[in-house]
Amino acid sequence: MLSLYIGIGTAAADQKPKPPREASPASAKRTADNTPCLKCHEPFAAETLGRLHLQIGLGCVDCHGKSIAHARAGSGLLKPDVLFGRTQVDSFCQRCHDAPHKHPARVESWARKRAGQILPTGRKIMEHNICTDCHGEHV
Ligand code: HEC
Ligand code: HEC
Ligand code: HEC
Ligand code: HEC
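Calculation rules
- Residues numbered from 1 in each chain as written.
- Chains lettered and ligands numbered in written order.
- Predicted model: local features only at pLDDT ≥ 70, side-chain atom pairs only at ≥ 80, totals over all residues.
- Helix = DSSP H or I, 4+ residues; strand = E, 2+ residues; numbered from the N terminus.
- Buried ≥ 20, exposed ≤ 12 C-beta atoms within 10 Å, placed from the backbone.
- Near = placed C-beta within 6 Å.
- Nonpolar A, V, L, I, M, F, W, Y, C, P; charged D, E, K, R; others polar.
- Domains from an automatic or database assignment.

Considerations on unusual backbone geometry
Consideration 1: You will see that Ser67, though not glycine, has its phi angle at about 55 degrees, which is positive.
Consideration 2: As for its placement among the helices and strands, Ser67 is situated in the loop between helix 5 (60–64) and helix 6 (68–73).

And the structure:
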């Protein structure tokens, strides 16, 4: 079960990650429903990371936890169950995406073209970026 090994700060965090190849067939049968979160986070309906993972049955709650108290309160004061510091993002993504980029040269050239620039998301392309600097508009 995918939901067993995602969730920073839970016991499940210690479990061994599965690569996407294994996750894919199982998750193909999964469905996720983001509508309870999208009620307030409407822009995330079109957000790339949210959309890509929804397609394979991973919803907001699979990464951020059920976050029932947060969704009920509807404010930033009661936090979602799972949040990520900048230094936690890469290792989280790599639980499933543990293979290096298939075409590292294309990634390098993408980054070189944008070196030093601030993307529309507000993220800056530097020598060392985290996954979400380049992927998605999760800001
Ligand atoms: C694949 C896992 C994943 C999914 C699916 C996902 N998130 Fe996130 N989310 C993250 C990570 C990782 C971060 C931290 C990103 C960073 O700091 O660079 C984050 C950050 C956020 C933030 C804080 C952004 C900020 O910088 O203040 C919000 C709000 C958020 N997510 C909402 C959502 C909503 C709503 C959905 C569903 C539509 C969703 N997320 C789906 C992993 C995910
Ligand atoms: C009733 C409104 C409401 C619902 C429903 C809701 N949120 Fe939020 N959420 C907010 C508000 C308001 C904030 C604070 C402002 C912001 O960051 O957008 C927030 C912030 C967040 C953040 C960033 C928190 C931070 O401190 O960086 C994440 C992640 C998040 N929500 C995830 C979710 C997820 C996952 C769901 C669905 C389970 C959800 N929210 C449902 C209103 C809501
Ligand atoms: C629970 C497992 C899991 C987690 C955690 C996860 N992903 Fe994914 N992701 C998948 C699966 C499965 C797919 C679809 C199969 C594939 O393309 O690998 C996917 C697809 C993607 C794609 C599209 C790949 C393509 O070929 O177009 C990107 C980009 C991506 N994920 C980035 C991220 C980032 C960045 C994070 C961390 C914020 C993350 N993922 C976290 C499982 C996960
Ligand atoms: C400097 C920007 C950058 C960073 C950092 C980055 N990526 Fe990528 N990523 C890209 C680009 C550009 C592509 C498309 C490459 C192509 O066209 O072949 C890509 C492609 C992908 C794909 C599709 C499959 C593949 O290998 O091409 C996945 C999945 C992915 N990245 C996940 C991640 C994860 C997980 C992280 C963090 C550990 C990460 N990326 C960090 C820019 C980045």
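Re helix 8 (residues 104–114)
Consideration 1: For helix 8, the buried fraction is low: 0 of the 11 residues fall into the buried class.
Consideration 2: The first or second residue beyond helix 8 is Gly116, which carries a positive phi of 80 degrees.

Here's the deal with the site of ligand 2
Consideration 1: Among the 17 residues in the neighbourhood of ligand 2, the closest are listed as Cys37, Cys40, Cys60, Gly74 and Gly76.
Consideration 2: For the shell around ligand 2, the element with the most residues is helix 5, which contributes 3 residues.
Consideration 3: When the residues that make up the shell around ligand 2 are grouped by side-chain class, the tally is 8 nonpolar, 7 polar and 2 charged.

A few points about the environment of Leu52
Consideration 1: Its place among the elements puts Leu52 in helix 4 (residues 48–55).
Consideration 2: Assessed through the 12 C-beta atoms surrounding it within 10 Å, Leu52 is described here as exposed.
Consideration 3: Separated by 84 residues in the primary sequence, Leu52 and Gly136 have C-alpha atoms spaced 9.4 Å apart.

Notes on the site of ligand 1
Consideration 1: Surrounding ligand 1, one finds 18 residues, the nearest of these being His41, Gly50, Cys60, Cys63 and Thr132.
Consideration 2: Among the elements of the structure, helix 4, helix 5 and helix 7 (89–94) are those that each provide at least two residues to the shell around ligand 1.
Consideration 3: Of the residues belonging to the shell around ligand 1, the class tally is 10 nonpolar, 7 polar and 1 charged.
Consideration 4: Counting residues domain by domain, the shell around ligand 1 receives three or more from each of domain 1 (2–82) and domain 2 (100–139).

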